[in-house]
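Take a look at the letters that make up each chain.
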Amino acid sequence: KLQVFVNTRLAETFRDFSGESIEAGSLVARCERWAGEVPAGVAVLTAGVDVQADRVEVEVVGWGIGQESWSIAHHKIYGDPESLEGPLWHELAQLLLVRRWQHESGAEMRIAASCIDSGYCATQVYGFCRTKWRQRVWAIKGREGDRDIWPTKWGSTAKAKGLRLKIVGVDAAKSGLFARLQIEAPGPGFCHFPEGRPAEYF
């Protein structure tokens, strides 16, 4: 309703950047090479999953001291997310629960915890996560407003349905992410990205 297209470039959709933004090029320039799949500074792996109409996108992140982070992998698993018995969800389960990652030290690591956004195909996401919450695979839903990024308690509605659902404070999460992406030197809060990650990712 604000504006459909940018007038100066054919078919480039308009986006309102009245808030903070960071140029993708500056992040591409920061990409680096590290030894092995998982660099030495990583102590634990987590995964975030976004569900789209024809795929799920999974980002595996390694975490170190002071919440310094490394983007270990970004996977796109194509298929029909509305079919819970289909290959897409099976492949996702293999990635989140079975796949092992080689640490620079030689040790093998597994993903310690995963979150799947239930904003799209909520029924399928809930069905997938309902049997896997003990393996730390959780359904999440974003909410705006003054709330914590990660609440310490489960919602009563989620418990009643036998589902462990976390309500994520998206405003606080976005502010925190922007602040971290603006840190320019490795150390607490710094975000590392691997060599070869395309600009489209950023």
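Residues numbered from 1 in each chain as written. Predicted model: local features only at pLDDT ≥ 70, side-chain atom pairs only at ≥ 80, totals over all residues. Heavy atoms only, no water.

## Quick word on the nonpolar core
Step number 1: One finds V58, I72, L92, L96 and I116 to be the most contacted residues of the largest nonpolar core, which totals 35 residues.
Step number 2: Elements represented by at least two residues in this core include exactly β1 (44-51), β2 (55-63), β3 (69-78), α2 (87-98), β6 (111-117), α3 (122-130), β7 (137-143) and β8 (165-169).
Step number 3: Examining the composition of this core, we find that seven residues originate from one element, α2, more than from any other.
Step number 4: Once residues lying within four places of it in the same chain are set aside, the contact partners of I116 are V49, V51, L92, L96, V125, F128, C129, V137, W138, A139 and I140. (Core = buried A, V, L, I, M, F, W, Y, C linked by side-chain atoms within 4.5 Å. Buried < 20%, exposed > 50% of the residue type's maximum accessible area, 1.4 Å probe, protein only. Helix = DSSP H or I, 4+ residues; strand = E, 2+ residues; numbered from the N terminus. Contact = heavy atoms within 4.5 Å.)

## Observations concerning the pairing of β7
Step number 1: Taken together, the four bridges between β6 and β7 define a ladder with parallel strand orientation. Looking at the pairing, S114 lines up with V137 of β7.
Step number 2: The β-α-β motif built from β6, the intervening α3 and the parallel element β7 has right-handed crossover chirality.
Step number 3: Inspection of the sheet shows β7 paired to β8 by five bridges, in the parallel sense. (Pairing = 2+ DSSP bridges. Right-handed = clockwise from strand over helix to strand, strands pointing away.)

## Quick look at the packing of aromatic side chains
Step number 1: For the structure on display, the rule yields five aromatic pairs.
Step number 2: Taking 6.1 Å as the distance between ring centres and 65° as the angle between the ring planes, the aromatic pair formed by F193 and Y201 counts as edge-to-face.
Step number 3: Judged by relative accessible area, F193 falls into the buried class, the value being 8%.
Step number 4: Through a chain of ring-to-ring contacts, three or more aromatic side chains come together here, namely F193, Y201 and F202.
Step number 5: Taking the ring centre of W101 as reference, the NZ or CZ of R99 above it sits at 3.7 Å.
Step number 6: In this structure, K132 is placed above the aromatic ring of F128, and the distance from its NZ or CZ to the ring centre is 4.2 Å. (Phe/Tyr/Trp six-rings, centres within 6.5 Å; stacked < 30°, edge-to-face > 60°. Lys NZ or Arg CZ within 6 Å of the ring centre and 35° of its normal.)

## Observations regarding the state of the cysteines
Note on terminology: a disulfide is the covalent bond linking the sulfur atoms of two cysteines.
Step number 1: Under the criterion given, the structure shown has zero disulfides.
Step number 2: No disulfide involves C115; its sulfur sits 8.6 Å from the nearest other cysteine sulfur, which is in C129. (Disulfide = S-S within 2.5 Å.)

## Side note on the environment of L165
Step number 1: Relative to the helices and strands, L165 resides in strand β8.
Step number 2: Considering only alpha carbons, one finds L165 and C115, 50 residues apart in sequence, at a separation of 9.6 Å.

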